[in-house]
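Coordinates in review
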Amino acid sequence: MSLSFRNLAYLGVLVLVSCDSQPPPDSDTEASAERYFIRQQVNTGQFGGDAKGQSFTPSVGLSPKSGGCSNLELISFSLVSAIHGVRNAPSESTFLNIYDGSPDSGFEFVGSSTNSVDTQSVPDGEEMTWRFDGLSLDPNRKYWAIMSATESEGDFSVGVGIRTSYPNDVYPGGAGLVQGGKEQRYGHDAVFSAEFRGR
């Protein structure tokens, strides 16, 4: 029986296969690449109207570990909207930008989503999904996924309400992000999902 990414996501588990396995000869590289899925548990907690995103480490929590993968290619990343008070700074065209490292210590822009989401009109509880063109990530590094009004680096202007997981610190590979792209000091994690290709 085959399960789609969405079905797997709502099981609240991590699913993967080893990168050590090789695609069959003459197969299409894109189709044969191994897929990895992460899903943070769904709950009713909420960030206020100025959430910025979520930091994450691709390999954290994977079982088994990422085997022979030298990198994981990001395919999609999702957050869940929450109407909580006022949306401080939504944008009709909200991109998701990925950074390597913390804003506090100087970080490097890795890339942006290939699509945008209208965070001005997204309904409460709606999954907001950004897609990526196989953005190459080191499985063991922490990355910052930050909502932005532009595909260019350095913009942290978008702030909206998003669902959070409970209890706090349930995801040890990162934390929810607040003003300036900084990690939430109390360890709140956004409800999020991500899809990767293993290489």
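This is a predicted model, so every value here is computed, not measured. (Residues numbered from 1 in each chain as written. Predicted model: local features only at pLDDT ≥ 70, side-chain atom pairs only at ≥ 80, totals over all residues. Heavy atoms only, no water.)

On to the sheet that holds strand 11 (residues 192-198). As summarised here, the arrangement of the 4 strands in space is 1-11-4-7, forming an open sheet in which the pairing is antiparallel. Each edge of the open sheet carries a strand with a single partner, namely strand 1 (34-39) and strand 7 (127-137). With direction set aside, neighbouring strand axes in the sheet form an average angle of 15 degrees. Taken together, the 6 bridges between strand 1 and strand 11 define a ladder with antiparallel strand orientation. When the bridges of strand 11 are listed, Arg 39 appears paired with Ser 193. (Pairing = 2+ DSSP bridges. Helix = DSSP H or I, 4+ residues; strand = E, 2+ residues; numbered from the N terminus. Axes fitted to C-alpha atoms, helices over the stretch in contact; angles between N-to-C directions.)

Ranked by size, the top nonpolar core spans 30 residues in total, and within it Phe 56, Phe 77, Ile 98 and Phe 196 carry the most contacts. Every element with two or more residues in this core is listed here: strand 1, strand 4 (72-80), strand 5 (95-100), strand 7, strand 8 (143-148) and strand 11. A total of 5 residues in this core trace back to one element, the largest contributor, which is strand 7. Ignoring sequence-local partners within four residues, the contact set of Phe 56 consists of Phe 77, Ile 98, Leu 137, Arg 141, Lys 142, Tyr 143, Ala 145, Tyr 171, Gly 173, Gly 174, Phe 192 and Phe 196. (Core = buried A, V, L, I, M, F, W, Y, C linked by side-chain atoms within 4.5 Å. Buried < 20%, exposed > 50% of the residue type's maximum accessible area, 1.4 Å probe, protein only. Contact = heavy atoms within 4.5 Å.)

Geometric values such as these leave the question of function open.
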